[in-house]
Amino acid sequence: MQKRKLGNSGLEVSALGFGCMGLNFLEGKGLDKKDAVSLLHSAVDRGITFFDTAEAYGPFTNEELVGEGLQPYRKDVVIATKFGCRDGSPVIGLDSRPETIRAVTEASLKRLKTDYIDLLYQHRVDPNVPIEDVAGTVKDLIQEGKVKYFGLSEASAKTIRKAHAVQPVSALQSEYSLFWREPEDEIIPLLEELEIGFVPFSPLGKGFLTGVINKKLEDADRRNVIPRFTEENIKANLVLVDALSEIAQQKNITTGQLALAWLLAQKPWIVPIPGTTKLHRLEENIASTEVILTEDELAKIDKTVKGITLVGDRYPEFLEKQIDR
Ligand SMILES: NC(=O)c1ccc[n+]([C@@H]2O[C@H](COP(=O)([O-])OP(=O)(O)OC[C@H]3O[C@@H](n4cnc5c(N)ncnc54)[C@H](OP(=O)(O)O)[C@@H]3O)[C@@H](O)[C@H]2O)c1
């Protein structure tokens, strides 16, 4: 698979990463350990070198799984993880105090079975801790060799600038897809200016953009707390998927591949991290890196999407409040 650079300090990863969250967290119950480890190995075999996890996924168990699955390939892969939730849970709140960052890093290193974290993100900006202190703490961890690169997630332009002045930020991980294009206003131009890479999370709109969701989700599905996934909002937003699937069919690709190829076409320093629990979908997603969208096709997608008004917030209120504005 082709490689892409995140930031300007030498971090190079496969053009598509693997979002590990859903392997054993969210959306129902996930995979058992053996199957999850096997899927991680399949991802490496197929050229993926960039894996995304967080203390908060589980909490803790996702890092353990990723640590176990990637241990045989440790030197060949880039592992990204995140700190910043109180006791590992965004439901409890945020905590990016320097002493917590240090303690979480040590615990993550153990769970990931490694002596360095390639990319350490702050999961959410903590309004009670100056971002300069957060960046300074990660800078120290980098100097100690425990961390290689620094990242932020869902940070505002103002925060990114302040953090970057203390410790260069290699990547921003925020939601970005044909389902959520807000980063185009202010964030992407800033990342371009500062030469920071962009890692779009939920690049398939949490599965919605693939077209597999067309009715109320099962009761156990954790996406039920998201306003965009209420029964009536799913129904209303399907107009987007229908329009995209028509364009995808003309190109003989799947709607999910269109969504990923569109992201990859936006900037050469964008690396989406779709998640899946299924090998055939992993392969389908990987094949999107071979899709080339022409200028005409990109313009058509842009026009189509801009003509559609989506309904429902992307987060429930208590999580929306944690977004840095
Ligand atoms: N920084 C943050 O705050 C944050 C927030 C959310 C996510 N993330 C990261 O981003 C990663 C990806 O985000 P996400 O899991 O929210 O959303 P996503 O990657 O947009 O979508 C994942 C969903 O799409 C389905 N799917 C994947 N490939 C498919 C295909 N080819 N056809 C049909 N369905 C497909 C998966 O189901 P199956 O498993 O059934 O295939 C799963 O339900 C996470 O794993 C996590 O690492 C970060």
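Residues numbered from 1 in each chain as written. Predicted model: local features only at pLDDT ≥ 70, side-chain atom pairs only at ≥ 80, totals over all residues. Heavy atoms only, no water.

Considerations on the nonpolar core
- Ranked by internal contacts, the top residues of the largest apolar core, which has 81 residues, are Phe 18, Phe 51, Leu 152, Ile 160 and Ile 301.
- Looking at which element gives the most residues to this core, the answer is helix H8 (residues 231-251), with eight residues.
- Residues Phe 50, Leu 119, Val 271 and Tyr 315 belong to the second largest nonpolar core, which totals 17 residues. (Core = buried A, V, L, I, M, F, W, Y, C linked by side-chain atoms within 4.5 Å. Buried < 20%, exposed > 50% of the residue type's maximum accessible area, 1.4 Å probe, protein only. Helix = DSSP H or I, 4+ residues; strand = E, 2+ residues; numbered from the N terminus.)

Brief notes about a nonpolar patch on the surface
- Taken together, the side chains of Val 91, Ile 92 and Phe 318 make up a nonpolar region of the molecular surface, amounting to roughly 310 Å² of accessible area.
- Turning to its location among the elements, Val 91 is positioned in the loop between strand S5 (78-83) and helix H4 (98-111).
- We classify Val 91 as exposed; its relative accessible area is 61%. (Patch = residues over 30% accessible without salt bridge, like charges linked within 9 Å, V, L, I, M, F, W, Y side chains within 5 Å. Areas by Shrake-Rupley, 256 points an atom, 1.4 Å probe, with all protein chains shown as cover. Salt bridge = Lys/Arg side-chain N within 4 Å of Asp/Glu carboxyl O.)

Quick word on the packing of aromatic side chains
- Enumeration according to the criterion identifies five aromatic pairs in this entry.
- Plain terms: the ring middles of Phe 18 and Phe 51 are 6.1 Å apart, the flat faces sit at 35° to each other, and that makes the pair tilted. Residue Phe 18 is found in strand S3 (residues 18-19), and its partner Phe 51 is found in strand S4 (residues 50-52); the two are separated by 33 residues along the sequence.
- On the basis of relative accessible area, Phe 18 is assigned to the buried category, the value being 1%.
- Taking the relative accessible area as the measure of exposure, Phe 51 reaches 0% and is therefore buried.
- Ring centres 5.5 Å apart and planes at 25° place the aromatic pair Tyr 176 and Phe 198 in the stacked group. Of the two residues, Tyr 176 sits in the loop between strand S8 (169-175) and helix H7 (187-194) while Phe 198 sits in strand S9 (residues 197-201), which places them 22 residues apart along the sequence.
- Judged by relative accessible area, Phe 198 falls into the buried class, the value being 0%.
- In this structure an aromatic cluster arises from ring pairing among Tyr 176, Phe 198 and Trp 262. (Phe/Tyr/Trp six-rings, centres within 6.5 Å; stacked < 30°, edge-to-face > 60°.)

All we've got here are geometric facts, nothing functional implied.
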